Amino acid sequence: MSSVRTDKEASTTLDDALKPTSRAVDGDAVVRALKPVTDGAPEAETTDGFHLVIDALKLNDIDTIFGLPGIPITDLTRMAQAEGMRVISFRHEQHAGNAAAAAGFLTQKPGICLTVSAPGFLNGLTALANATTNCFPMILISGSSEREIVDLQQGDYEEMDQLAIAKPLCKAAFRVLHAQDIGVGIARAIRSALSGRPGGVYLDLPAKLFAQTMDAAKGKASLIKVVDPAPRQIPAPDAVKRALDLLKGAKKPLILLGKGAAYAQADADIRALVEKTGIPYLPMSMAKGLLPDTHAQSAAAARSYVLQEADVVLLIGARLNWLLSHGKGKTWAEDKGAKQFIQIDIAPTEIDSNVAIAAPVIGDIGSCVAALLGGIDAKWAKPPAEWTGAIAERKDKNLSKMAVTLAARPSPMNFHSALSVIRDQVKARPDAIVVNEGANTLDFARSIVDMYEPRKRLDVGTWGIMGIGMGFAVAAAVVTDKPVIAIEGDSAFGFSGMEVETICRYNLPICIIVFNNNGVYRGTDVNASGTADVAPTVFVKNARYDKLMEAFGGVGVNATTADELQKALTEAVASRRPTLINAVIDETAGTESGRITSLNPATAKKK
Ligand code: FYN
Ligand code: ADP
């Protein structure tokens, strides 16, 4: 128990706390908790809701909170810090939530986001829903108004039925009303976030809970250290055999690695499976680096070809959603005959969600991949040379074409020339974490910037969401202490740009590169009405995003050439100083919606 107080005179008892009008007053509670009251008489040691929350998290090896203080959780942030937790305070809850989600993905521990009631909670909710969509474990803990007032809709401060609102947007939602249930509440939240398919969990803590007191020993005994929160799920032997038989018979097999495979931290076995079978593989964007992108078996540079031509596809932690054209249609050359799919996933209901899956293998990726590996012996026949040869041919052609484009040094810079600099830096520092969002900035960076190590690339994920940039970057720096390179479209950066102050405040080794082409997609759109307003996609021309970083004491650089960009980026990574490089990009470069133009109704029609 990290903190205990003797408070015969404590102003809030459990009974008091349950009265509708009592509320923890920020300053008072922290003083009470940090300075035990003694009058010489023997006193019972007590603890309170604040400390039970902190102790329950610490007991479960959770040492960091991402959040934004305010009523009623300000004292919780102070006390958590006083008790040795790292508390990273943001300027907007959405970014704290995104940080928690990224921390969850990187560490396999639920990232914690702490917010105030109603508006703060709602700001955090986007991140919680996004985490759930992406299968990242996080817990959004929000203070809330008093149940009695909320339920009678009597107009409490920041009144909102938060639990009801959160429920459909996350994997599980809980509310704790009594201090003695905090241990159970946190345990249930951790288990829900981590077990099976990971996801976001909401934990509602009404204001009064924090000031409730109880006997310290009983409080300690009420806490739960969660044992085996993500139990291994061993696949059934017949499912493994079915999958191996199908794979063995394939003439043009393909392995597709998704971010579930990256999350699973089964890196060595995944690599062994790819290498021992000799099957070409395609990484989804956040699975890049599970094997180095330069690996001979990577088919990333022949993506369209392998998706069309493969006859048996082994999906490992990847869903057949929009990012994979739902496993059908032109992308998969459906007219040439259906593919056969083997799918490894922890969620049995994922199977057959879009197309028939011939061989589902249900279990955790580590166990499933190990089981498949068990069936690959020295007699395993590698895929036919016609298949691997045809892929190599297409790949080499694309790589050579790309090399020529990357070597060009146009003025002003275009996406390719700027990204070629970043590509070289990541090659030199493969341990750096890349955060990437935007439209063109995202799409070009994904294929140009090679990744070499697992879980080094964080991006817009399943929703293609904008605004994850600074939250993900902060989390990456905080939980790994590695240099972070955030490759940001100018529009995307705007969603979380104010967090540069957070980055400077904690002096994080983050270098942000804003691809500034004066607008959403590009900066050349015109207002057809002829009025004075600029077109909806156009920003202030020639903006200096670098000045934003300078305002808070970081390093700002305006880079108009690849050489300037290269110098600034190399210095930033080496010095670990917060840096923002305003990379001036040709405003005519870029296409509407990047490479997903087909999803944009207007441009799709024009095509
Ligand atoms: C890939 N490619 C390469 C390389 N890597 N060529 C040369 N060198 C290298 N290293 C080729 C690859 O073979 C493809 O060409 C093409 O580049 C693009 O590859 P990519 O990026 O892997 O795949 P693609 O087709 O762009 O899309 C797949 C996707 C991806 C849908 C999974 O686009 C994605 O993750 N999109 C997210 C988009 C998003 O969320 N946007 C945010 C909203 S923006 P071909 O083989 O010739 O096809 C709102 O406006
Ligand atoms: P991508 O976007 O990279 O294709 P997705 O988010 O669509 O990846 O898919 C990830 C899949 O991985 C989800 O279906 C999820 O259930 C699964 N998954 C996540 N973690 C594990 C794990 N440890 N073991 C097995 N499957 C997992």
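Predicted model only: the values in this text are computed from it and were never measured.

Draft legend 1. Focus on the site of ligand 1. In the neighbourhood of ligand 1, 23 residues make up the surrounding shell, with Ser304, Arg446, Ser447, Tyr521 and Arg595 lying closest. Here an oxygen atom of ligand 1 and a backbone polar atom of arginine 303 are 3.1 Å apart. Residue serine 447 places a main-chain N or O atom 3.0 Å away from a nitrogen atom belonging to ligand 1. In the complex, the protein chains occlude 81% of the 990 Å² of accessible area that ligand 1 would expose alone.

Draft legend 2. Seen up close, the pattern of salt bridges. This structure, assessed with the given rule, holds 27 salt bridges. Notably, a salt bridge pairs glutamate 501 with arginine 91, separated by 3.0 Å at the nearest N-O pair. Of this pair, glutamate 501 sits in helix α22 (residues 500-505) while arginine 91 sits in the loop between β4 (86-89) and α5 (93-107), placing them 410 residues apart in sequence. Where glutamate 550 meets lysine 547, a salt bridge forms, and the shortest distance between an N and an O atom there is 3.9 Å. Here glutamate 550 and its partner lysine 547 are both found in helix α23 (residues 546-551), 3 residues apart, which amounts to about one turn of the helix.

Draft legend 3. Structural context of the pairing of strand β6 (residues 138-144). Across the 7 residues that make up β6, a large majority, 7, are buried. By the alternation rule, side chains of β6 split into Met138, Leu140, Ser142 and Ser144 and Ile139, Ile141 and Gly143, which are all buried. Bridge analysis of strand β5 (residues 111-115) against β6 gives 5 bridges, and the strand direction is parallel. Bridged to leucine 114 within β6 is isoleucine 141. At this point the chain moves from β5, through helix α6 (residues 118-134), to the parallel β6, and the crossover so formed is right-handed.

Draft legend 4. Quick look at the site of ligand 2. The environment of ligand 2 is made up of 20 residues, and the closest members are Arg197, Lys259, Arg319, Asp345 and Ile365. Arginine 197 has a polar side-chain atom sitting 2.7 Å from an oxygen atom of ligand 2. Here a nitrogen atom of ligand 2 sits 3.2 Å away from a polar atom, N or O, in the main chain of isoleucine 346. When ligand 2 sits alone it has 580 Å² of accessible area, and the protein chains cover 96% of it. Residues belonging to the shell around ligand 2 are distributed by class as follows: 9 nonpolar, 6 polar and 5 charged. Both of domain 1 (7-222) and domain 2 (237-391) provide at least three residues apiece to the shell around ligand 2.

Draft legend 5. A look at the packing of α5 against helix α20 (residues 469-480). Two elements in contact, α5 and α20, have axes whose closest approach is 7 Å; the angle formed by their N-to-C orientations is 45°. Here α5 is positioned oblique relative to α20, judged by the angle of their axes. By crossing handedness, the relation of α5 to α20 is classed as right-handed. From α5, His95, Asn98, Ala99, Ala102, Ala103, Leu106 and Thr107 reach across to α20, where they touch Gly471, Phe472, Ala475, Ala476, Val479 and Thr480. When grouped by side-chain class, the residues that make up the contact of α5 with α20 number 8 nonpolar, 5 polar and no charged.

Calculation notes
- Residues numbered from 1 in each chain as written.
- Chains lettered and ligands numbered in written order.
- Predicted model: local features only at pLDDT ≥ 70, side-chain atom pairs only at ≥ 80, totals over all residues.
- Heavy atoms only, no water.
- Near = heavy atom within 4 Å.
- Polar contact = N/O pair within 3.5 Å; in protein donor to acceptor, adjacent residues only side chain to side chain.
- Areas by Shrake-Rupley, 256 points an atom, 1.4 Å probe, with all protein chains shown as cover.
- Salt bridge = Lys/Arg side-chain N within 4 Å of Asp/Glu carboxyl O.
- Helix = DSSP H or I, 4+ residues; strand = E, 2+ residues; numbered from the N terminus.
- Buried < 20%, exposed > 50% of the residue type's maximum accessible area, 1.4 Å probe, protein only.
- Pairing = 2+ DSSP bridges.
- Right-handed = clockwise from strand over helix to strand, strands pointing away.
- Nonpolar A, V, L, I, M, F, W, Y, C, P; charged D, E, K, R; others polar.
- Domains from an automatic or database assignment.
- Axes fitted to C-alpha atoms, helices over the stretch in contact; angles between N-to-C directions.
- Parallel < 35°, antiparallel > 145°, perpendicular 65-115°, else oblique.
- Left-handed = near helix turned anticlockwise from the far one by under 90°.
- Contact = heavy atoms within 4.5 Å.

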